[in-house]
Amino acid sequence: MFEKVLIANRGESALRIHRACREMGIQTVAVHSTADSDAMHVRLADESVCIGPPSPRESYLNIPAILTAAAITGADAIHPGIGFMAENATFAEMVEEHGFVFIGPTPQHIRIMGDKITAKRTVKELGLPTVPGSDGVVATLEAAKPLAARIGYPVLIKASAGGGGKGMKVASSAKDLAEAYTLARNEARAAFGNDEVYLEKYLAHPRHIEVQILGDTHGHAIHLGERDCSIQRRHQKVIEEAPSPGLNDAERAQIGKLAASVVQRLGYRGVGTLEFLYENGRFYFIEMNTRLQIEHTITEMVTGLDLVRAQIRVAAGLPLGIKQSDVLPSGHAIECRINAENPETFIPSPGLVTDFHAPGGLGVRVDSALYSGYRVPPYYDSMIAKLIVHGKTRNECLLRLRRSLEEFVIGGIETTLPLHRRLVAQPDFIDGRYDIHWLEGFLDPLS
Ligand code: ADP
């Protein structure tokens, strides 16, 4: 096992990795920008190295600085956390070339799945159903026209390098195609430096269902059940739950088994997620994330497994040590992502946290790097806390979530806590009757 792991991230994600390392007896090295000297992940780590100024490009995305920090502290392995370098194949490659272990999949798997067109083609060959669409890159508007007509409107133009909901535009009819196509390419070029796009049928009322998988270097792969992440704003997840209230046990077993078999045939190492849209009893693969996800916590709550610990173990070459039949999910879990944003306009609200009181009690988990007196910097993602609640039944989980949200106090900055309190009181949410468009409709009834 590793003796020392460098965590190449910040915030609650860095803290999450630190906690697993600590429990495994592994020392941790934090890296941080000058804006994060007082951050919780820096305070708790055994050692820390300042790797640059606030701008992510010069610090958390600065490969030479991160590798140098690993070398001078004598780390054996690097964990990329969630975001920043977690899906950067070049980084994974350089980590290994410099003699450290990358705690994640192989660079080849990151590369294949990081390109959505290649990913779709790969899993389709392995037997997964995909959303109907173009077979590959659609290089010109002229090529898009007949393809869109064949797929049938509405169509979605998606960036091959996409992520975080960027580079995605809907054309509801032929007359919108030119504009949507151009906008998607421009947004993709600005966000990813790659403007390759493809077309997909735009599904009207799907749920977002994803399957957590885990593979080792000894040919084993298992799935840990599904999560429903349909409560989204601008294609970004806001609330997630496991299991999905929209699936029956037969569908659940079917998609889990299919996902695990694909991952096993890929020879995939580590944790990952296969994402699907689900509509009218059918699943359609959309993408694979080759990393730990923010919402991995709800899977941990229902399975009782520590996913980061599992990830570190397989990166060290150990076998999974659990079989599919050992995975026995129980109860229900829901996660709310709490952002430092105005709960109505979603304008970021960084600044000084004057009060911080996290809820507690049976079945309540708060993953956050906040503390009273901490100043939320304006340079990074606005998610500041995750409230995760577990109950024996979905109803118990909802009641517990409601009372935990009542207890939660974050003072001094605006947060999306009031939005979550409203959402969990909505009859549609309580009944589990929602799809990926539900939240946008709730926030803007005229949309
Ligand atoms: P990203 O990598 O940017 O997150 P995804 O491919 O994972 O992009 O899609 C993000 C979200 O966009 C999905 O959860 C879903 O809400 C929506 N979406 C993606 N593809 C489709 C589609 N073909 N039809 C309808 N909605 C879609």
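None of the values given here were measured: they were computed from a predicted structure.

### Considering the domain arrangement of the chain
Where interface size is given, it is often the accessible area lost as the parts come together that is meant. Each domain of the chain was delimited in the assignment, giving domain 1 (4–103), domain 2 (132–201) and domain 3 (207–443). For domain 1 versus domain 2, the separation of C-alpha centres amounts to 35 Å.

### Quick notes on the environment of Gly162
Inspection of the secondary structure assignment puts Gly162 in the loop between strand S6 (155–159) and strand S7 (168–171). Along the primary structure Gly162 and Phe283 are separated by 121 residues, whereas in three dimensions their C-alpha atoms are 21 Å apart. In this structure Gly162 touches Lys116 and Phe192, once residues within four positions along its chain are discounted.

### Looking at empty space enclosed by the protein
Within the structure shown, the criterion is met by 2 cavities of 30 Å³ or more. For the largest cavity, the calculated volume is near 40 Å³. Taken together, Pro80, Gly81, Ala86, Phe102, Ile103, Gly104, Pro105, Thr290, Arg291, Leu292 and Gln311 make up the full set of residues lining the largest cavity. Here the lining of the largest cavity is composed, by residue class, of 6 nonpolar, 4 polar and 1 charged.

### Focus: the sheet that holds strand S10 (residues 221–233)
Strand order in the open sheet formed by 8 strands is S13-S12-S9-S10-S11-S14-S19-S17, with antiparallel pairing between adjacent strands. Edge positions in the sheet fall to strand S13 (282–289) and strand S17 (364–368), since each of these pairs with one other strand and no more. Neighbour-to-neighbour, the strand axes of the sheet open up by a mean angle of 25 degrees, direction not taken into account. Here strand S11 (residues 236–242) pairs with strand S14 (residues 332–339) via 4 bridges, running antiparallel. Across the sheet, residue Ala242 finds its bridge partner in S14, namely Ala333. Here helix H1 (residues 11–23) sits on the sheet and contacts S17 and strand S19 (383–391); the angle it forms with S17, its principal contact strand, is near 115 degrees.

### Considering unusual backbone geometry
The general pattern is negative phi for most residues beyond glycine and trans for most peptide bonds. Geometrically, the link from Tyr153 to Pro154 is a cis peptide bond, its omega value of -5 degrees lying close to zero. You can see Pro154 is positioned in the loop between helix H7 (141–151) and S6. The omega torsion across Ala242 and Pro243 is -5 degrees, close enough to zero to call that bond cis. Mapping Pro243 onto the fold places it in the loop between S11 and helix H9 (249–266).

Rules used throughout
- Note on numbering: residues in each chain are counted from 1, in written sequence order.
- Given that the model is predicted, a residue must reach a pLDDT of at least 70 before its local features are reported, and side-chain atom pairs must reach 80 or more before they are shown or counted; all residues, however, enter totals for whole chains, interfaces and linings.
- Remark: hydrogens and water are excluded; side-chain values derive from all non-hydrogen atoms of the structure.
- A domain assignment, automatic or from a database, supplies the domain bounds used here.
- Counting from the N terminus, the helices are DSSP H or I runs at least four residues long and the strands are E runs at least two residues long.
- Residues count as neighbours in contact if any of their non-hydrogen atoms are within 4.5 Å of one another.
- Think of a 1 Å grid over just the protein atoms. A cavity is a set of points where a 1.4 Å probe fits yet cannot get out, a pocket is an open set with protein on both sides within 12 Å along at least five of seven lines, and lining residues have an atom within 4 Å of a point.
- Grid points are joined across faces, edges and corners, and a volume is the space filled by probe spheres set on the points.
- Three categories are distinguished: nonpolar for Ala, Val, Leu, Ile, Met, Phe, Trp, Tyr, Cys and Pro, charged for Asp, Glu, Lys and Arg, and polar for the others, with Gly belonging to the last.
- Strands qualify as paired when DSSP identifies two bridges or more between them.
- Geometry is summarised by axes, namely lines fitted to C-alpha atoms with helices restricted to the contacting stretch, and by angles between N-to-C directions that run from 0 to 180 degrees.

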